[in-house]
Amino acid sequence: MSRVYNFSAGPAMLPQAVLEQAKEEMLDWNGSGMSVMEMSHRGKEFMSIADKATSDLRELMAIPDTYEILFLQGGASSQFSMVPMNLLRGKNKADYVNTGAWSKKAIAEAKRFCDVNVAATSEADKFSSAPEQKDWNLNGDAAYVHYTPNETIGGVEFHWIPETGDVPLVADMSSTILSRPVDVSKYGVIYAGAQKNIGPAGLTVVIVRKDLMGQMIDSAPTMFDYKTQADNGSMYNTPPTYAWYLAGLGFQWIKDKGGLSAMAEINKRKADKLYTAIDGSDFYANPVKPDCRSWMNVPFTLANAELDSVFLEEAKKIGLTTLKGHRSVGGMRASIYNAMPEEGVDALVAFMADFEKRNG
Ligand SMILES: *Cc1c(COP(=O)(O)O)cnc(C)c1O
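Residues numbered from 1 in each chain as written. Predicted model: local features only at pLDDT ≥ 70, side-chain atom pairs only at ≥ 80, totals over all residues. Heavy atoms only, no water.

Peer 1: Give me the layout of surface pockets: which residues, what numbers.
Peer 2: If you add up the space inside the largest pocket, you get close to 360 Å³. Sorting the residues of the lining of the largest pocket by element identifies helix H3 (75-87) and strand E14 (332-335) as the ones contributing at least two each. The dominant element in the lining of the largest pocket, judged by the number of residues it contributes, is H3, at four residues. Here the residues of the lining of the largest pocket are counted per class, giving seven nonpolar, 15 polar and four charged. Residues lining the lining of the largest pocket come from more than one domain, with at least three contributed by each of domain 1 (25-256) and domain 2 (260-359). As a volume, the second largest pocket reaches approximately 290 Å³. If you trace the second largest pocket, you find 14 residues lining it, with Lys126, Phe127, Ile153, Gly154 and Val329 closest to the centre. (1 Å grid on protein atoms, 1.4 Å probe; cavity = no way out; pocket = protein on both sides within 12 Å on 5 of 7 lines; lining within 4 Å. Points joined across faces, edges and corners; volume = space filled by probe spheres on them. Helix = DSSP H or I, 4+ residues; strand = E, 2+ residues; numbered from the N terminus. Nonpolar A, V, L, I, M, F, W, Y, C, P; charged D, E, K, R; others polar. Domains from an automatic or database assignment.)

Peer 1: Lay out empty space enclosed by the protein in plain terms, naming residues and giving numbers.
Peer 2: Summed over the entire model, instances satisfying the criterion amount to two cavities of 30 Å³ or more. Taken as a whole, the largest cavity encloses approximately 130 Å³ of empty space. Lining of the largest cavity is provided by 16 residues; of these, Leu14, Pro15, Asn197, Ile198 and Gly199 occupy positions nearest its centre. The biggest single contributor to the lining of the largest cavity is helix H6 (residues 241-257), with five residues. Residues of the lining of the largest cavity, tallied by class, amount to 11 nonpolar, four polar and one charged. Surrounding the second largest cavity, Asn6, Ser8, Ala12, Met13, Ser335, Tyr337, Ala339 and Met340 form its lining.

Peer 1: Which residues make up the domain arrangement of the protein chain, and what are the values?
Peer 2: In many analyses, interface size is given as the accessible surface area lost on bringing the parts together. Domains assigned within the protein chain are domain 1 (25-256) and domain 2 (260-359). In this structure, domain 1 and domain 2 have C-alpha centres spaced 27 Å apart. On the side of domain 2, 24 residues touch domain 1, which itself brings 24 residues to the contact. One can count 11 residue pairs in polar contact (both at pLDDT 80 or more) joining domain 1 with domain 2. Elements with a minimum of two residues in the side of domain 1 that touches domain 2: helix H2 (44-61), strand E7 (156-157) and H6. For the side of domain 1 that touches domain 2, the residue count by class is nine nonpolar, 11 polar and four charged. (Contact = heavy atoms within 4.5 Å. Polar contact = N/O pair within 3.5 Å; in protein donor to acceptor, adjacent residues only side chain to side chain.)

Peer 1: I'd like to hear about the packing of helix H8 (residues 308-317) against helix H9 (residues 342-359), residue by residue, with values.
Peer 2: Remark: H8 packs on H9, axes separated minimally by 11 Å, with the N-to-C direction vectors making an angle of 135 degrees. Put simply, H8 runs oblique to H9. H9 is crossed by H8, and the crossing has right-handed handedness. Across from Val310, Phe311, Glu314 and Ala315 in H8, the residues of H9 making contact are Phe351, Met352, Phe355 and Arg358. Per-class residue counts for the contact of H8 with H9 are six nonpolar, no polar and two charged. (Axes fitted to C-alpha atoms, helices over the stretch in contact; angles between N-to-C directions. Parallel < 35°, antiparallel > 145°, perpendicular 65-115°, else oblique. Left-handed = near helix turned anticlockwise from the far one by under 90°.)

Written out as structure tokens, the structure reads:
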């Protein structure tokens, strides 16, 4: 068996150590005589798994006690509607920043619940940058401000935290959570689908400031109420137990590696290597403004798009897979989340140089 370097944007690679531990514990978790998948979510074994995952995430991200951590289902896409349902709190306006494909989806969904003010957009430069704070036109009356710190498709990342005063800031961190330390206290809500940088698909992590809960719109389903989920320890119904367990193994793996500052150092180095390779060549190009480039998702094009399929085929042959860019962008995209080893990036950079030499 040989494992490939999988550059998929999501579901993405998981750390090999996590998969090996899961394999080890598959038939008999910790002497329980059963797989985690077979356990009652209310039994003491699974409760210990859930509690440890939750407290490890709290420790890793230094999440203050004034925040709840929820382990939900429905993906980040469900949060596009759960955020307005829970956070409007009697208001009818929300501010959104539009930096690309995922912001647009969040905006479209919010419009079903309230008046959306697009406070800033980088549409004019084809979403190749993150609008600077001075260009944001915030509405003081908004219930919250929503933005996408990392646009997974466009490869645009905010390397700073917006200032929104007393208006809660909401972040779709699906593709950047756990990639570096973050000051959680600056946010009202942080949410992320797990399949990029947390664990397997099927789990959604929501970090919500406690004082913002408990005012969901009356007509919304109980399942979508942050307060109900918090009061029930994310077990109002049966949670995605196995995904929660794997996420917990991932949190432990990050702790063993030295936590989020250590991850940040590695991630920055990985991204720098790839962007340096792209910028140092006339054959490869990345359209994003240098100070807005994502550490996690690196789109790039070849000088001659007719070579795209050859590039993908040859890369795959040497174990570099899922490099095809999103259909809306074309070209290539290398997603290099926490679980992508630095050796994977080195192998990609070496292949790119070799491919250019032969085809450039
Ligand atoms: C992948 C992604 C989503 C969608 O996540 P689902 O879990 O599939 O709903 C939303 N926002 C961002 C930034 C993403 O990267």
